[in-house]
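Listed below, chain by chain, are the residues.
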Amino acid sequence: MQVCSNNQQIADVVSIWKSQGKTIALVPTMGGLHAGHLSLVHQAKANADKVIVSIFVNPTQFGEHEDFKNYPSTLDQDLSELEFCKVDAVFTPDKEQIYPNGLDSPLKAGSLSQGLCSNSRPGHFDGVVQVVNCLFKITTPDVAIFGQKDYQQLLVIEQMVKTLTLPITILSGDIVREKNGLAMSTRNQYLSMDEKELATNLYKALKGLKQEILQGKEIELSRLNSNRALEQHFKIEYLSVVDANTLKSIVDNTTQIAILCSVFLGSTRLIDNIIFNKG
Ligand code: PAF
């Protein structure tokens, strides 16, 4: 496994692979790897000849009072797990490699970035598209894989690829959950044992809400009931039931529904979702 910390090194590796006719998959991460990331790596391996994992904690997607400075960094462990998974290259740039001209960017996230996470994290998705576009330019992958847990991010990136007509296929990786249902996240490291137990109520509520919708119950009424149930354990940022393609209200020709939520447990922000056919 090659570990490249500068743009030229990874570009050279990529150019050799391309001259050999190999296809390339990129799995962008911010490190703090867990089984969810590793499942994206396996998906990448199944969809391309060579796999690059990038590890870069992107300053431009964090708000002023967020956890950029304390974001879990487990580089040695991440590298040994990626080596074990037989990843071909890991790209570990610093800020100067990614943003040689400073942090400002003319690129803005598209319409799908409006609402939901953006309400509490203004500018977050602008930072995400900025860094992902830089990573795409440097590594020029054929395929890139993003987890469904960050569902709005996934749609925002798909929209960016479409708008910029980038020749990159975006694949979505299933949410990987702990045995008790808690969606895996690097930020779960912030939770105490008691909080981890309480956090299981999130997925239970989403599953209950999905069940009620599929049973034909009035969506807004069910959503309000679930909201009330969640309020017993969490501070809720949003619990939304929307069209999974537009992130807007469900309409007659909606085919897939997304139940999306963001909550705080203590000072830890948790997001989760369920996507399903309207039935
Ligand atoms: O999902 C993440 O870990 C990050 O938002 C990403 C896509 C690596 C961009 O920094």
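Notes on the structure follow. Remember, predicted model here, so these are calculated numbers, not experimental data.

**Observations regarding the sheet that holds strand β8 (residues 256-265)**
Thought 1: The strand order across the open sheet built from three strands is β7-β8-β9, with neighbouring strands paired in antiparallel fashion. In the strand order of this sheet, the two ends are held by β7 (235-243) and β9 (268-277), each with one partner. Averaged over all pairs of adjacent strands, the angle between strand axes in this sheet comes to 10°, irrespective of strand direction.
Thought 2: Two strands pair when backbone bridges link them, and β8 and β9 are joined in this way by 10 bridges, in the antiparallel orientation. Looking at β9, one finds that V263 is bridged to L270.
Thought 3: Against the sheet, helix α8 (residues 193-214) touches β7, β8 and β9, its axis set at about 25° to β9.

**A few points about unusual backbone geometry**
Thought 1: Although it is not a glycine, T140 adopts a positive phi angle of roughly 35°.
Thought 2: Along the chain, T140 falls in the loop between α6 (124-139) and β5 (143-147).
Thought 3: Looking at T140, the relative accessible area reads 33%, which means it is partly exposed.
Thought 4: Backbone geometry at L247 places phi at a positive 60°, although glycine is not the residue there.
Thought 5: Mapped onto the fold, L247 is located in the loop between β7 and β8.

**Focus: the packing of α8 against helix α9 (residues 219-231)**
Thought 1: Contact pair α8 / α9: the axes reach a minimum separation of 10 Å and the direction vectors enclose 165°. Taken together, the axes of α8 and α9 lie roughly antiparallel to each other. Of the two possible hands of crossing, α8 and α9 adopt the one that is right-handed. Listed contacts from α9 to N201, L202, A205, L209, E212 and I213 of α8 are I219, S222, R223, S226 and L230.
Thought 2: For the contact of α8 with α9, a count of residues per class yields six nonpolar, three polar and two charged.

Rules used in this analysis
Residues numbered from 1 in each chain as written. Predicted model: local features only at pLDDT ≥ 70, side-chain atom pairs only at ≥ 80, totals over all residues. Heavy atoms only, no water. Pairing = 2+ DSSP bridges. Helix = DSSP H or I, 4+ residues; strand = E, 2+ residues; numbered from the N terminus. Axes fitted to C-alpha atoms, helices over the stretch in contact; angles between N-to-C directions. Contact = heavy atoms within 4.5 Å. Buried < 20%, exposed > 50% of the residue type's maximum accessible area, 1.4 Å probe, protein only. Parallel < 35°, antiparallel > 145°, perpendicular 65-115°, else oblique. Left-handed = near helix turned anticlockwise from the far one by under 90°. Nonpolar A, V, L, I, M, F, W, Y, C, P; charged D, E, K, R; others polar.

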